[in-house]
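Chain by chain, the residues:
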Amino acid sequence: MAGLISIAGGGESGTGAAVLAKQKGYTVFLSDSGEIKDKYKEVLSNHGIEFEEGGHDLDRLIQADELIKSPGIPDKAPLVKMFREAGKPVIDEIEFAGRYTAGKTICITGSNGKTTTPMLCYHMLKNGGLDVALAGNIGRSMAAQLAERDYAYWVLELSSFQLDGMYRFKADIAILLNITPDHLDRYNYQLENYVASKFRITQNQDEQCAFIYWCDDPIIKKELSKTELKARQFPFTTSLPENPETWLGAWQNENEIHIQTINNYLTMSIHDLALQGKHNVFNSMASGIAGRILELRKELVRDSLMNFDNIEHRLEFIAKVAGITFINDSKATNINSTWYALESVEEPIIWIAGGVDKGNDYSELFPLIENRVKALICLGVDNEKLHKAFEGKISVIKDVMSADEAVKTAYDLGYKGDTVLLSPACASFDLFENYEDRGHQFKAAVKRL
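Residues numbered from 1 in each chain as written. Predicted model: local features only at pLDDT ≥ 70, side-chain atom pairs only at ≥ 80, totals over all residues. Heavy atoms only, no water.

### Section: the overall build of the chain
For step 1, the next point in the chain: The helix and strand inventory of the chain stands at 17 helices and 20 strands.
For step 2, the next point in the chain: For 449 residues, the compact-globule estimate of 2.2 N^0.38 gives 22 Å, and the C-alpha radius of gyration of the chain, at 22 Å, lies within 12% of that figure.
For step 3, the next point in the chain: Each of the three principal axes of the chain carries a C-alpha extent, and together these read 65 × 55 × 40 Å.
For step 4, the next point in the chain: In the chain, which comprises 449 residues, the proportion classed as buried is 56%.
For step 5, the next point in the chain: Relative to all contacts within the chain whose residues are 6 or more apart in sequence, the contacts with residues 24 or more apart total 64%.
For step 6, the next point in the chain: As displayed, the chain has an accessible area near 19300 Å², and 48% of this comes from carbon and sulfur atoms.
For step 7, the next point in the chain: Charge-centre separation for the chain: the mean point of 48 positive side chains lies 2 Å from the mean point of 63 negative side chains. (Helix = DSSP H or I, 4+ residues; strand = E, 2+ residues; numbered from the N terminus. Rg over C-alpha atoms; globule rule 2.2 N^0.38 Å. Buried < 20%, exposed > 50% of the residue type's maximum accessible area, 1.4 Å probe, protein only. Contact = heavy atoms within 4.5 Å. Areas by Shrake-Rupley, 256 points an atom, 1.4 Å probe, with all protein chains shown as cover. Lys, Arg positive; Asp, Glu negative; His and termini not counted. Charge placed at Lys NZ, Arg CZ, Asp CG, Glu CD.)

If you want it as structure tokens, here you go:
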């Protein structure tokens, strides 16, 4: 037998890790302090994996050689502390799964855009006929898919929480889109801790690897000035480089993007991109660089950037009702994501925001809301911080407690030509199960109008 493994968390990540560990010969015990969904219980039972819910049997769990924890469990959790004090490894599901793949990994992180870019990379590789899987902080877990079969390429969306539990894992291509303050409650409210977490995507990279990053980001630029990287670097920028003929990476010059890797050059109009908006130019450039590093034909890269369908819950057009446009951006759980959403809408906005605040500084949004946001609908249990930030700046502010109430209120306030934008800037778990649940309820309410 390979040994004993304890798993904390019975969601997508934990259940996938349990299935893979059992397949690799480990004795597995999974524990969840809350309730495990029926679909995951069924998977665990079908694979003969022992589990518990509603609490942790610490004495049993500590018998294992290592702990695989779900990303949502903080380091200060008693179970995690117990393992660390015993000198036993505490790792993430991706770290564990990475031991068993021979495939190349394309890993993406960032405070914003980190779901759009992996979807775009996956779309591109799929179009190129490559044997590719999509996993990480999106869709089915890497471990669950790997238990079925390995893939030649893995496109992985990685959160800072996942990166924190990764040690020996290596990204063949690492993409760092941007860094803005987020989840600081998990990092002792120290930005430098969060930045260090994001830069873990470059750990273990060697000269054969590639690092793609937004070089205009002041936080990334500062961190790079004191970091030595072995990987080949491919920056992207929204300005014209001083020496474009020798620039390896991508840049925007007026209405064109240029992508240049070693002996490869591609240019196209931003108006031809499937995803419009300033932030999506970044996502397209980063994905395009990755595609060219993998030596995908430039025609295929161009076509993929032109025919990609946007992901659900990210600036997703839902419907136009009586001339009022409804957009679902439920995945915007931080200020930076909401900033991009507000920036992308040119019509008068009725903005639906709120939920569990993660230490937001709403002042960053003040220049965008002026003369653009005509009403704010606060969808959350505690809306005091939103009121304090925007009273006197937005003329109409209403409080609601459900997606239905939010949509009806927005519709009543709206006129032809207005846009109702759900872009919460907050986590969802005060009123909803997750951001997907919030988005689905919003969409359903719009369709009931």
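### Focus on the nonpolar core
For step 1, the next point in the chain: With 49 residues, the main nonpolar core has Ile7, Phe96, Trp154, Leu156, Phe199 and Phe211 as its most contacted residues.
For step 2, the next point in the chain: In terms of residue count, helix α1 (residues 12-23) provides more of this core than any other element does, five residues in total.
For step 3, the next point in the chain: Core analysis: the next-biggest nonpolar cluster, separate from the first, contains 42 residues, Ile175, Ala210, Met268 and Phe308 among them. (Core = buried A, V, L, I, M, F, W, Y, C linked by side-chain atoms within 4.5 Å.)

### Some thoughts on the pairing of strand β15 (residues 316-321)
For step 1, the next point in the chain: Summarising the sheet, β15 and strand β16 (residues 324-328) pair through five bridges and their orientation is antiparallel. Within the sheet, the bridge partner assigned to Lys320 lies in β16 and is Thr325.
For step 2, the next point in the chain: Hairpin connection, β15 to β16: the antiparallel pair is bridged by two residues, and Ala322 has positive phi, about 50 degrees. (Pairing = 2+ DSSP bridges.)

### Remarks on the packing of aromatic side chains
For step 1, the next point in the chain: In this structure the tally under the stated criterion is 12 aromatic pairs.
For step 2, the next point in the chain: Pairing Trp339 with Tyr340 gives two aromatic rings, centres 5.4 Å apart and planes at 90 degrees, and the pair type is edge-to-face.
For step 3, the next point in the chain: Looking at Trp339, the relative accessible area reads 26%, which means it is partly exposed.
For step 4, the next point in the chain: Looking at Tyr340, the relative accessible area reads 5%, which means it is buried.
For step 5, the next point in the chain: An aromatic cluster of at least three residues, connected via ring pairs, comprises Trp351, Tyr362, Phe366 and Phe390.
For step 6, the next point in the chain: The side chain of Arg60 reaches across the aromatic face of Phe29, ending 3.9 Å from its centre.
For step 7, the next point in the chain: Residue placement shows Arg149 over the ring face of Tyr151; its charged tip is 3.8 Å from the ring centre. (Phe/Tyr/Trp six-rings, centres within 6.5 Å; stacked < 30°, edge-to-face > 60°. Lys NZ or Arg CZ within 6 Å of the ring centre and 35° of its normal.)

### Looking at the side chain of Thr325
For step 1, the next point in the chain: For Thr325, the location among the structural elements is in strand β16.
For step 2, the next point in the chain: Residue Thr325 is classed as buried on the basis of its relative accessible area, which comes to 12%.
For step 3, the next point in the chain: Filtering out sequence-adjacent residues up to four positions away, Thr325 remains in contact with Phe317, Ala319, Lys320, Asp418, Thr419 and Val420.

### Here's the deal with the pattern of salt bridges
For step 1, the next point in the chain: This model, assessed by the stated rule, comprises 15 salt bridges.
For step 2, the next point in the chain: Between Arg99 and Glu66 there is a salt bridge; the shortest N-O distance is 2.9 Å. With Arg99 in the loop between α5 (93-98) and β6 (104-109) and Glu66 in strand β4 (residues 66-69), the pair connects residues that are 33 residues apart, well separated along the chain.
For step 3, the next point in the chain: Overall, the relative accessible area of 8% leaves Glu66 in the buried class.
For step 4, the next point in the chain: Here Asp75 and Arg84 are joined by a salt bridge, their closest N and O atoms 3.4 Å apart.
For step 5, the next point in the chain: A relative accessible area of 36% means that Arg84 is categorised as partly exposed. (Salt bridge = Lys/Arg side-chain N within 4 Å of Asp/Glu carboxyl O.)

### Let's talk about the sheet that holds strand β3 (residues 50-53)
For step 1, the next point in the chain: Judged by pairing direction, the sheet is parallel, and its five strands sit side by side in the order β3-β2-β1-β4-β5 without closing on themselves. If you trace the sheet from one side to the other, it starts and ends with β3 and β5 (90-91), each paired once.
For step 2, the next point in the chain: Here β4 pairs with β5 via two bridges, running parallel. Its bridge partner lying in β5, Leu67 is registered against Val90.
For step 3, the next point in the chain: Contacts between α1 and the sheet are confined to β1 (3-8), β2 (26-32) and β4, with β2 contributing the most and set at about 165 degrees to the helix. (Axes fitted to C-alpha atoms, helices over the stretch in contact; angles between N-to-C directions.)

### Examining the sheet that holds strand β9 (residues 173-176)
For step 1, the next point in the chain: Spatially, nine strands are ordered β7-β8-β6-β9-β10-β11-β12-β13-β14 in an open sheet, and the strand pairing comes out mixed. Since the sheet does not close on itself, it has two edges, and those belong to β7 (132-136) and β14 (264-269), each with one partner. Each neighbouring strand pair of the sheet contributes to a mean axis angle of 15 degrees, computed without reference to strand direction.
For step 2, the next point in the chain: Bridging between β9 and strand β10 (residues 210-214) involves four bridges; their strand directions are parallel. Bridging across to β10, Ala174 finds its partner in Phe211.

### Quick word on the side chain of His313
For step 1, the next point in the chain: Here His313 lies in the loop between α12 (298-307) and β15.
For step 2, the next point in the chain: Residues within four places of His313 in sequence aside, it is in contact with Asn328, Asp329, Ser330, Lys331, Tyr435, Glu436, Gly439 and His440.

### Some details on helix α16 (residues 403-413)
For step 1, the next point in the chain: Listing the buried residues of α16 in full gives Ala403, Ala406, Val407, Thr409 and Ala410. One face of α16 carries all of its buried residues, which in axial projection span an arc of 165 degrees. Of the exposed residues in α16, the ones pointing more than 90 degrees away from its buried face are Lys408 and Asp412.
For step 2, the next point in the chain: Those residues of α16 that are buried are in contact with β16, β17 (349-353), β18 (373-379), β19 (396-400), β20 (419-422) and α17 (435-447). (Arc of directions from axis to C-beta.)

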